[in-house]
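# Chains, contacts and geometry: an overview
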Amino acid sequence: MAWECQRSPYLRQFESKVVSCTPAKLEGKNGFDVVLEDTILFPAGGGQPDDRGTINEVPVHDVRRDGSKAVHFTEKSLEVDANAHIVVDWNRRFDHMQQHTGQHLITAVFENRYGYKTLSWNLGKVKSSIELSCKSMTQEEIDCAELEINKAIKANTPVSVHLYEKDDPGLEKIRSRGIPDDFAGPVRVVEIENIDANTCCGTHLANLSHLQMIKLLHTEPTRGCTRIHFLAGNRVMNTLCSMINTERKLTQILSCGPEDHVDQVQKLQKTAKSSQKAARNYLREIATLEAEKFNNTSDLVLCVHREDGDMDFLNVINSKIRNKNAIIFLSVGSNSTGGQFLLTGPPSLIDKIGPSVAERLQGKGGGKKGRYQGKAKAFNKITDVQEFVKNSAVADSS
Ligand SMILES: [Zn+2]
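Residues numbered from 1 in each chain as written. Predicted model: local features only at pLDDT ≥ 70, side-chain atom pairs only at ≥ 80, totals over all residues. Heavy atoms only, no water.

In the annotation of an unreviewed UniProt entry, the chain is listed under the name Threonyl/alanyl tRNA synthetase SAD domain-containing protein and assigned to Trichoplax adhaerens. For the record of the chain, the UniProt heading Function (unreviewed entry) holds the text "Functions in trans to edit the amino acid moiety from incorrectly charged tRNA(Ala)." (UniProt positions renumbered as here; feature names shortened; annotations may be inferred.)

Following this line, the structure appears as structure tokens:
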């Protein structure tokens with residue numbers, strides 16, 4: 001098994017021939033499985049995702065390995081025996097090469113330095129990660145590994161591919177996480193000079209300098225092992241650009257330089273906390289005043305609605321009403337997004353009108369023994385609903 005993409009990973013265009021084209025389906029979409037004499041579009045393998053590109057300007061949506069064949073999925077059919085002009089989506093491929101060679105380098109450094117073996121790895125859309133055979137690792141270990149990794153990149157270290165026969169005794173000393181059962185032909189070994197030799201089918205960089213830089217990120221425990229996240233190559237620069245943009249926005253919003261961002265956010269958090277506490281206290285005072293105002297009247301019904309407020313506000317009013325036969329309808333929330341409501345009073349009335357109130361507020365509720373509470377979707381008709389409660393109370397008492 002060797003395709004042109006493996007022999008010449010830097011080739012962006014290639015001429016081949018269509019061998020077969022058969023109707024096929026991919027994720028419910030109709031299309032064609034196309035096999036070429038050779039290809040520069042890499043099928044998924046070794047943890048590296050498949051390439052995208054075009055054959056005679058027809059987009060390729062998927063490339064998979066079937067034994068020694070690479071099968072390309074296209075929406076349009078291609079004529080058998082016709083010449084095939086293949087173009088690879090180079091940005092995607094080069095990114096995959098940077099992540100994959102980066103993974104080999106990180107794997108080698110963690111194993112050589114600390115004996116942590118790579119159990120699996122994942123090439124993600126934004127970040128990639130490696131699962132290592134250790135329960136945890138220290139920040140110092142990570143920092144030292146990162147330093148060694150980037151030293152090897154700066155040293156212009158060559159990466160080369162060697163082919164071994166399957167029974168070559170030399171293969172035993174080479175790192176491998178297994179070779180597919182249906183694999184045929186010589187075994188491919190990717191070597192990073194003086195650092196690593198690893199069996200792999202992927203497309204790799206020719207030199208570590210093409211990685212530019214690797215940044216190791218956070219770790220997380222996973223099934224008794226440790227997953228470490230990383231950025232390699234252009235992803236380091238892309239992430240830096242997006243962080244600088246975020247930093248600029250924060251500088252504008254917080255009106256201070258990046259060195260003061262943390263202090264400023266902490267100050268704002270503190271202020272927000274004390275403001276929230278004060279607002280809660282004010283609301284409780286307002287709730288008490290509302291209840292006292294009502295207690296000084298001979299009214300039978302109290303309806304209060306506030307845009308700001310919470311369930312606590314409703315409960316405080318309700319608890320301070322002295323007339324236990326009074327009908328209390330309280331609600332908090334904005335006209336458009338709704339909020340909460342509470343209805344209390346004589347059980348015979350509340351149990352009857354509770355569901356109707358919820359329905360009029362386009363919400364849901366529940367309760368028993370003269371207490372009905374729920375959530376409203378909107379309060380734009382709150383005045384009408386308050387009127388309904390008052391009328392129901394009058395009708396009930398007469
Ligand atoms: Zn590999």
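### Quick look at the domain arrangement of the chain
Domain annotation for the chain reports domain 1 (4-88), domain 2 (94-241) and domain 3 (294-397). On a C-alpha basis, the centres of domain 1 and domain 3 stand 66 Å from each other. (Domains from an automatic or database assignment.)

### Quick look at the packing of aromatic side chains
The final tally for this structure, using the stated rule, is five aromatic pairs. A ring pair is formed by Phe-110 and Tyr-114, whose centres lie 5.9 Å apart and whose planes are at 45°; its orientation type is tilted. Placement of the pair is Phe-110 and Tyr-114 together in helix H2 (residues 90-114), with a separation of four residues, close to one helical turn. Taking 6.3 Å as the distance between ring centres and 25° as the angle between the ring planes, the aromatic pair formed by Phe-341 and Tyr-372 counts as stacked. Note that Phe-341 is positioned in strand S16 (residues 338-344) and Tyr-372 in strand S18 (residues 371-376), a separation of 31 residues in sequence. The pair Phe-341 / Tyr-372 is uniform in exposure class, with both members buried. (Phe/Tyr/Trp six-rings, centres within 6.5 Å; stacked < 30°, edge-to-face > 60°. Helix = DSSP H or I, 4+ residues; strand = E, 2+ residues; numbered from the N terminus. Buried < 20%, exposed > 50% of the residue type's maximum accessible area, 1.4 Å probe, protein only.)

### Topic: the coordination of the zinc ion
Bound to the zinc ion on the protein side are His-100 (NE2), His-104 (NE2) and Cys-200 (SG), at distances that span 2.1 to 2.3 Å. Sequence positions of the donors to the zinc ion reduce to the motif H-x3-H-x95-C. Placement of both His-100 and His-104 in helix H2 is noted, with a separation of four residues, approximately one turn of the helix. A single burial state applies to His-100 and to His-104, both of which are buried. (Donors = N, O, S within 2.8 Å, 3.2 Å for Na, K, Ca; no water.)

### Examining the UniProt feature "domain: Threonyl/alanyl tRNA synthetase SAD" (unreviewed entry) in the chain
Taking the numbering used here, the UniProt-annotated feature "domain: Threonyl/alanyl tRNA synthetase SAD" (unreviewed entry) corresponds to residues 187-229. A distance of 29 Å separates the end C-alpha atoms of residues 187-229, which is 0% helix and 56% strand.

### Here's the deal with the pattern of salt bridges
Evaluation of the coordinates by the stated rule reveals 16 salt bridges. Here Arg-93 and Asp-51 are joined by a salt bridge, their closest N and O atoms 2.8 Å apart. Placement of Arg-93 in helix H2 and of Asp-51 in the loop between strand S2 (29-36) and strand S3 (53-55) is noted, with a sequence separation of 42 residues between them. Of the two residues, Arg-93 and Asp-51, both sit in the buried class. (Salt bridge = Lys/Arg side-chain N within 4 Å of Asp/Glu carboxyl O.)

### Concerning the UniProt feature "coiled-coil region" (unreviewed entry) in the chain
When the UniProt feature table is mapped onto this chain, "coiled-coil region" (unreviewed entry) is found at residues 265-292. Across residues 265-292, helical content stands at 100% and strand content at 0%; the span's end C-alpha atoms are separated by 40 Å.

### Focus on the pairing of strand S15 (residues 327-334)
In terms of burial, S15 is a largely internal element, seven of the eight residues being buried. The sheet contact formed by strand S14 (residues 301-306) and S15 spans six bridges and is parallel. The residue bridging Val-304 from the neighbouring strand is Leu-330, located in S15. A crossover links S14 with its parallel partner S15, the connecting element being helix H6 (residues 311-320), and its sense is right-handed. Bridge count between S15 and S16: seven bridges; the pairing is antiparallel. In the sheet register, Val-332 faces S16, and the bridge partner there is Gln-340. (Pairing = 2+ DSSP bridges. Right-handed = clockwise from strand over helix to strand, strands pointing away.)

### Some remarks on the sheet that holds S18
The mixed open sheet is built from five strands, whose spatial order is S14-S15-S16-S18-S17. This sheet does not close on itself; its edge strands, each paired only once, are S14 and strand S17 (364-368). Shown here is a sheet whose adjacent strand axes are inclined to one another by a mean of 10°, direction ignored. Along the sheet, H6 makes contact with S14, S15, S16 and S18, crossing S16 at roughly 20°. Most of the contacts of helix H7 (residues 347-360) go to S16, to which it runs at about 165°, and overall it touches S15, S16, S17 and S18. (Axes fitted to C-alpha atoms, helices over the stretch in contact; angles between N-to-C directions. Contact = heavy atoms within 4.5 Å.)

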